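# Architecture and fold: a report
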Amino acid sequence: MNPALEYHQLQTRRRFFQGAGLKVGGIALAQLLGHRAFAVQPPAVGGVHPALPGFPHFAPKAKNLIYLHMNGAPAQMDLFDYKPKMQEFFDKDLPASVRNKQRITTMTSGQARFPVAPSKFAFERCGQSGILMSELVPHMKEIADDVTMIKSVHTDAINHDPACTFVMTGSEVPGKPSLGSWISYGLGSESQDLPAFVVFTPTFPKASQAQALFTRMWSSGFLPSKYDGVALRGSGDPVLYVKNPPGVDPSDRRVMLDALGKLNRKTFERFGDPETQTRISQYEMAFRMQSSVPELTDLGTESKATLEMYGPNVQKPGSYANSAILTRRLIERGVRTVQILHRGWDQHGNLPKLIKGQCMDVDQPTAALVKDLKQRGLLEDTLVVFGGEFGRTVYCQGKLSKENYGRDHHPRNFCMWMAGGGIKAGTTYGETDDFSYNITENPVHLNELNATIMHCLGIDNHRFTFPFQGLQQRLTGVEDAYPVQGILA
Amino acid sequence: MSLKILPIVAVLPFLSNGEEKVFFNRDVRPILSENCFACHGQDAKHRKAKLRLDERAGALVDRDGVRAIAPGDLEKSEVWARIISKDEDEVMPPPKSHKKLTAADKNVLKRWIEQGAEYEVHWSFTSLQKQQVPKVSGTENPIDAFLQDRLLTEGLKPAETAKPEILVRRVYLDLIGLPPTPAEVDAFLADKSSRAWGEMIDGLMGRETYGEHMARYWLDLARYADTHGLHLDNERSMWPYRDWVVRAFNKNLPFDEFTRWQLAGDLLPKPTIDQRVASGFNRCNITTGEGGSIKDEWIYRYAVDRTSTAVEVWMGLTAGCAVCHDHKFDPLSTKEYYSLYSFFHSAADPAMDGNKNNTPPIIRVPRPGDDKRLAALDAEIAKAHKGVAAAVTKIKYQDPASLDPLPKPERKKTLWFEDDFPKGKLQVTGPPLTFVTKEQGPVFSGKRAITRTAKNATGQDVFSEGTPLVIPKGGKFFVHCYLDPDNPPEAVMVQFYVGGWKHRVVWGAHEKIGWGNVNTHERIDMGPLPDKGKWVRLEFSAAKVGLKPGHKVTGYAFTQFSGKMGWDHFGVESTTNPAKDPTLSWKVWKEQGEGVRNKDLTDDLRKRFKGKVPAKWNKTQEKELHRHWLTNVYSGASETLGPLTRKIAALERKKAEVNKNAAITFVMADLPKARQSYVMIRGQYDNPGEKVSRGVPAFLPALPAKPKDRDYNRLDLANWMVRDDHPLTARVAVNRIWQQFFGTGLVRTSADFGTQGELPSHSELLDWLALRFIEDDWNMQRFVKRILTSHAYRQSTKVSPALLEKDPENRLLARGPRHRLDAEVIRDQALSVSGLLVSTIGGRGVLPYQPPNIWEPVGFGRSNTRFYKQGKGDDLYRRSLYTFLKRTAPAPFMASFDAPNREQSCTARGRSNTPMQALQLMNDIQHVEAARNLAQRILKEGGVKDNQRIQWAWRTVTSRRPASDEAKIITDVLKGHLSRYAEDLEAAKQLIAYGESVPDKELAPHELASWTLVANLLLNLDEVVNKN
């Protein structure tokens, strides 16, 4: 072993346990080490980066997280929140007592009426658990016994940009780290040659209203940028710059890297800067990624049965189905967090037609992903979350008929489901009124949902902080937010 | 054991009993702040047991015989009893808080109470203290005296001066963000004078690239970007502000002015364009245009962003906490926060940015070169005016009103359409314009007439952008229409353009066409349709349709709804009576306007002659006005004056065009009537509490007395920020500049000088620097030079294992600063050494190489920044400062090297070290293309032998010559590549063709490819991506 490297590792480890900051007031060592301005990061020899000392806080139920975000806000009463009584309310005004003067967006606040638009889709009790799902998601019905359906999620924001920022970073104001970045920062990476946090932004039906995504939904905010989510892309390089330029093959790169390593070691002798050692190992990691990423995206080793399970688009790079199967492959390879952000769920008008297209995209691959994880024994270690940034209104936006309607934003309740490590299987949690307008039982704020996710991963959200702007920042906000005991296995 | 870096305190550190003295700020406050103040601090609402420990009075108060702290008496101090309690319900801090005191913490608190529990005001809130420069032999620069004085006490010595080749590269990268050329390195090496270093610094500060580099740091603070940042994230035109920041650094605008202009440039007396542009600082915040948004929420958020940003940038305080509740740690109450907020709460920008690039308030800033263009036009205009003046003197004028007998009225007819439209632009609605001759259809007069058919829709022939047709006095229009008897139209309309289509007459079912408000000049209902099957003359007075004498019509339209009809012989008739016409008779004109506003006068003349009847004019005045009348009003000289005035009009149009093309930039302005501000309870936009007025926090210096005639405004706030006795502004500013050069500030938490922030490593030095900065009239360049001429800056960065262990973060500066270059510098350096760099300064953001699908997967469907359209040519090689910054999807070369996305203010960038960076530097097209261009330079400029070329190349990228073993490694690699590419020419050609620049055809592809990979290797060296 290189003596300089050995020395450096020793130094770093020692500093790890001693702390080296200026702060004298008992600030957690972990925070010190993660501080943005902290000049010396632990070297990443081998893995991408290690867990913080003391992490996880307790034995985790899940090692990995898959977060399926339906961007634009799916209509809960057309998918999962069955409201049979609404049929008799067709085109009747939403009772004032139900709306109760709650704020609504300026897109519908000028409407003369708020006529109820019952869902036109049929619902069915599924599996042994009898969880209700609509005909829009026939494949998800098959995994009903694996999920906990939460019908009472609520959020603070009423418009997309702040709500998307909130659901992913716990704050409506940009600048905070995303959930996946927090997790990478705390738990580190298991993989030797892939990033700890990977993001997909798949294609979506052309007819749909493409609400925007924001890189802040997977970026590291005030945490060091190495905790940014890495986008795995459907076209071009799957990971940015992973391909050698034309005319350069891996052996050319190897020659270059060997020389670079030698020269950089001389630089280390010259200046003694431990960052130089880190850089040497990061170049080696980069080289490994140049082979691990193509291997990852090559579906040649998948069985026909598996591919069929994900549906007809599975081989189409950039599709949701393709992202879903790659998600499983990433989890197999030790990637900590994978997020798929599927766009096009913002149906202010023409909802029945458009939501069908959305479901065609995601229903089968989502169900397949859960089944596939389960058949490989990965589901018990993996937490899967499915949801959007808020819900939609029971009253119609625009023209109403039995067959066609639109729905505005509704932050006061919406559905999300979770499955896998740490979560009860086959239950429903929380309840809403007959109008799917107010929560009547067991509300779950997004901060509590995030606390629950962290809990499953072995993290106490209250102890997981980072100093920024004069505060010990947390994903779950300043106020206390506790995991939802009722859904924990 | 690693070192705990604490400030040295000037007072004796030991008490008479030999015990080390405990200091509140240094030792105690951090413990209390971390563990106690959240519940026992200044936030009244969340205070537990009504006990506060952040003030001595509160801590000492006797509560039923119990005192939280009894100075000098541990036994009687309830705090201590709680700290050491074993009872879970008693112990402090409570287990639920997840906070715990260490044994060391407890010891500090114990001794502090024993020593008398003295409190101190938080260090950064106390006024700047004049500091004695320590006497340390061998130091010239006071910075070194302070630093080395400290090193001595730690038993350390400063490092030796770095090698000149290292130094010259360090200072170039630090001042202009670009590496020196080998010639520049040589020049410095050759200059043995003791002034060489200082002169080089001066020289670099004199370059325009200096401002470009310094501006970057400020733009991070200002959160400057080229898009709005939220939802659609459309383009915003803000770049004149960015360019102003560059200029401000180049002009060395003093920091106090720099502050005033940005916080309140719009409020300065008669603000210059630059001052207004600078006020855009407060318009750089992210904004939304998302449908459905609630207005109050966004007005509130923008004001909060502006307040928090200003407080953080100038005062280093994190005011954000006080948005929702009294600051738990710093003495900033919620009410005080909203008093600051009130300064920004009346900004005139709307809640919805409208998703446009010119959300008001804006100004238009002349583009570079526009001032010259405008000056040239002005000169031409002046010349033309002189021509007019000369022509006017030649007019032999006789007033028709003075003739005897008086001249007779004359009838005059001007045709506006006969056979054709005047010269201008034609547009039609419906089938193309069709004329018929007498043989083909109805013609009223002349050779031909218009015929038009419209199928159940509006049809029209529209003429526009013609030479102005002037409305005569008493003008009466006529037009001839032929309605097809079998298929007549439902409505017939004539429209006029005078700066807008606002004058219309219509016959028939006017609502069918519908434009304009009916029964106004916009749509005069003239009654039923004319008879069918014959030519009918339609008449209407100019006055009826709102056209006044002198109005200049530049367009008109013949419009119909459905049916078929003909149009012909259109014009205006008027009767002229020279003896009564003010455009012909001086006397009439002179007397007509008495007592009313005379529209023929210029503002200046009107002001001077206001209230003066002609009888009272003296000779000079009479002459002056007569000349004005002849020039501008008199219609009898149109043949001589006409061409000249038309020329002037054309020049004025050109000038307007230039002004129209001037760049838009957002500026700050306040509403005419200020909004009432309130404390917003729990930071909710819809939950106003107590009213607040503008003011500053009580723990800082007070504002001067309020002016009698107005409220405090942002200018008062800006002036207050840069007062000499403000304890924070100068400290925060110098600390940030220090951080820029040394990597870490003297206060590491450069954005937080509050009690949650860290203490300065060298508090005396910080105060000395801050005071000098103020004494030097906030001169930024002088301050930078002070730092760069220190030995501390010029030291070698080499670190021994022992020193690394003792001071891993280099807070004591016993070695020089070494760290990874910023994103922009890494790219600019590659462009510079490859010779690709295009040094054009300023302008709209450019779109260099970017991999596909960075913008597209996130962009909103209708966003105008959804699709990335890569630029061409120069745009690919501009400095990174000019790369278009889309906040919701920033350029990967920026983001992966820790450049912030500018959604909010950023005081210190991270310096990560990741595999993604390695992939980018190896494979990104911009870096590969730069490597190939560098290879071309190596082959053409680096000599003919491989070892010469290696020497040249190495020196170009590192500024030093390679050691022999380094050169050997390169030689070996080169040999390998040469033989590989000689065998695979196809691969070589592919590699060198990568990028839009064309590979040099004179060079053998296998050689160029091999050197390209060598250059790629060099540009990836740790030494090259770092300042050393």
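Here we summarise the structure given alongside this text.

Reading the values: rules and limits
- Residues numbered from 1 in each chain as written.
- Chains lettered and ligands numbered in written order.
- Predicted model: local features only at pLDDT ≥ 70, side-chain atom pairs only at ≥ 80, totals over all residues.
- Helix = DSSP H or I, 4+ residues; strand = E, 2+ residues; numbered from the N terminus.
- Rg over C-alpha atoms; globule rule 2.2 N^0.38 Å.
- Contact = placed C-beta atoms within 7 Å.
- Buried ≥ 20, exposed ≤ 12 C-beta atoms within 10 Å, placed from the backbone.
- Core = buried A, V, L, I, M, F, W, Y, C linked by C-beta atoms within 7 Å.
- Domains from an automatic or database assignment.
- Nonpolar A, V, L, I, M, F, W, Y, C, P; charged D, E, K, R; others polar.
- Axes fitted to C-alpha atoms, helices over the stretch in contact; angles between N-to-C directions.
- Parallel < 35°, antiparallel > 145°, perpendicular 65-115°, else oblique.
- Left-handed = near helix turned anticlockwise from the far one by under 90°.
- Pairing = 2+ DSSP bridges.
- Expected span 1.5 Å × (residues − 1).

## Description of the overall build of chain B
- Check the secondary structure of chain B and you find 36 helices and 20 strands.
- Taken over C-alpha atoms, the radius of gyration comes to 38 Å for chain B, far larger than the 31 Å a tight globule of 1028 residues would show.
- Of the contacts made within chain B by residues no fewer than 6 positions apart, 70% connect residues no fewer than 24 positions apart.

## Section: the overall build of chain A
- Across its full length, chain A holds 13 helices and 17 strands.
- In summary, chain A has a C-alpha radius of gyration of 24 Å against a globular reference of 23 Å for 489 residues, a match within 12%.
- By principal-axis analysis of the C-alpha atoms, chain A measures approximately 80 × 55 × 40 Å.
- With 489 residues in all, chain A has 61% of them scored as buried.
- Counted over contacts in chain A with a minimum sequence separation of 6, partners at least 24 positions apart contribute 77%.

## Some words on the nonpolar core
- Counting residues in each nonpolar core, the largest one holds 317 residues, and the members touching the most others are M418(A), V1014(B), A1015(B) and L1018(B).
- Structurally, this core is a two-domain feature, drawing no fewer than three residues from each of domain 2 (142-209 + 757-806) and domain 5 (923-1027) of chain B.
- Not counting residues within four places of it along the chain, the set of residues in contact with V1014(B) comprises A935(B), A953(B), I970(B), V973(B), L974(B) and H977(B).
- If you look at the next biggest cluster of nonpolar residues, it comprises 36 residues, including F417(B), I450(B), C481(B) and A491(B).

## A few points about the interface of chain B and chain A
- Contacts between the two partners involve 97 residues from chain B and, on the opposite side, 80 residues from chain A.
- Among the elements of the structure, α1 (24-35), α27 (801-806), α30 (915-923), α33 (964-983), α34 (985-992), α35 (1005-1019) and α36 (1022-1025) of chain B are those that each provide at least two residues to the side of chain B that touches chain A.
- Considered class by class, the residues forming the side of chain B that touches chain A number 38 nonpolar, 37 polar and 22 charged.

## Side note on the packing of helix α11 (residues 320-332) of chain A against helix α12 (residues 351-375) of chain A
Residues and elements named next belong to chain A.
- Interhelical geometry of α11 versus α12 gives an angle of 15° and a closest axis separation of 9 Å. Here α12 runs roughly parallel to α11, going by the angle between their axes. Note on packing geometry: the crossing formed by α11 with α12 is right-handed. Together, Y320, A321, A324, T327 and R328 of α11 and D361, V362, P365, T366, A368, L369, D372 and L373 of α12 make up the contact between the two elements.
- For the contact of α11 with α12, a count of residues per class yields eight nonpolar, two polar and three charged.

## Description of the pairing of strand β9 (residues 391-396) of chain A
Residues and elements named next belong to chain A.
- In terms of burial, β9 is a largely internal element, six of the six residues being buried.
- Taken together, the three bridges between β9 and strand β10 (residues 407-410) define a ladder with antiparallel strand orientation. Among the inter-strand pairings, C396 is bridged to a residue of β10, identified as R407.

## What to know about helix α8 (residues 250-271) of chain A
All names here are of chain A.
- Here α8 spans 30 Å end to end across 22 residues, near enough to the 32 Å set by a 1.5 Å rise per residue.
- Every buried residue belonging to α8 is among D252, R253, M256, L257, A259, L260, L263, N264, T267, F268 and F271, and all of these are buried.
- Following α8 by one or two positions, G272 has its phi on the positive side, about 75°.

## Thoughts on unusual backbone geometry
- Each neighbour pair has its own omega, and for F55(A) with P56(A) the value is -10°, a cis peptide bond.
- When you line up the elements, P56(A) lands in the loop between α2 (29-34) and β1 (64-70).
- Residue P361(B) follows P360(B) across a cis peptide bond; omega there is -5°.
- Within the element layout of this structure, P361(B) appears in the loop between α15 (334-344) and β3 (362-365).

## A few points about the environment of V22(B)
Residues and elements named next belong to chain B.
- Tracing the backbone shows V22 in the segment before α1.
- Judged by local crowding, V22 falls into the buried class, with 22 C-beta atoms found within 10 Å.
- Residues V22 and L377, 355 residues apart in the sequence, show an inter-C-alpha distance of 74 Å.
- Residues within four places of V22 in sequence aside, it is in contact with D27, V28, V108, R111, W112 and Q115.

## Quick look at the environment of F540(B)
Residues and elements named next belong to chain B.
- Assignment of secondary structure puts F540 in strand β13 (residues 535-541).
- By the C-beta count within 10 Å, which is 17 here, F540 ends up partly exposed.
- Considering only alpha carbons, one finds F540 and S445, 95 residues apart in sequence, at a separation of 20 Å.

## Focus on the packing of α8(A) against α35(B)
- Here α8(A) crosses α35(B) at 40°, and the two axes come no closer than 10 Å. Judged on the interaxial angle alone, α35(B) and α8(A) are oblique. The two elements α8(A) and α35(B) cross, and the hand of that crossing is right-handed. In this structure, α8(A) uses D252(A), M256(A), A259(A) and L260(A) to contact α35(B), whose residues at the interface are L1013(B), N1016(B) and L1017(B).
- Split into classes, the residues belonging to the contact of α8(A) with α35(B) amount to five nonpolar, one polar and one charged.

## Brief notes about the environment of G354(B)
- In this structure, G354(B) sits in the loop between α15 and β3.
- Between the C-alpha atom of G354(B) and that of T287(B), which follows or precedes it by 67 residues, the distance is 9.5 Å.

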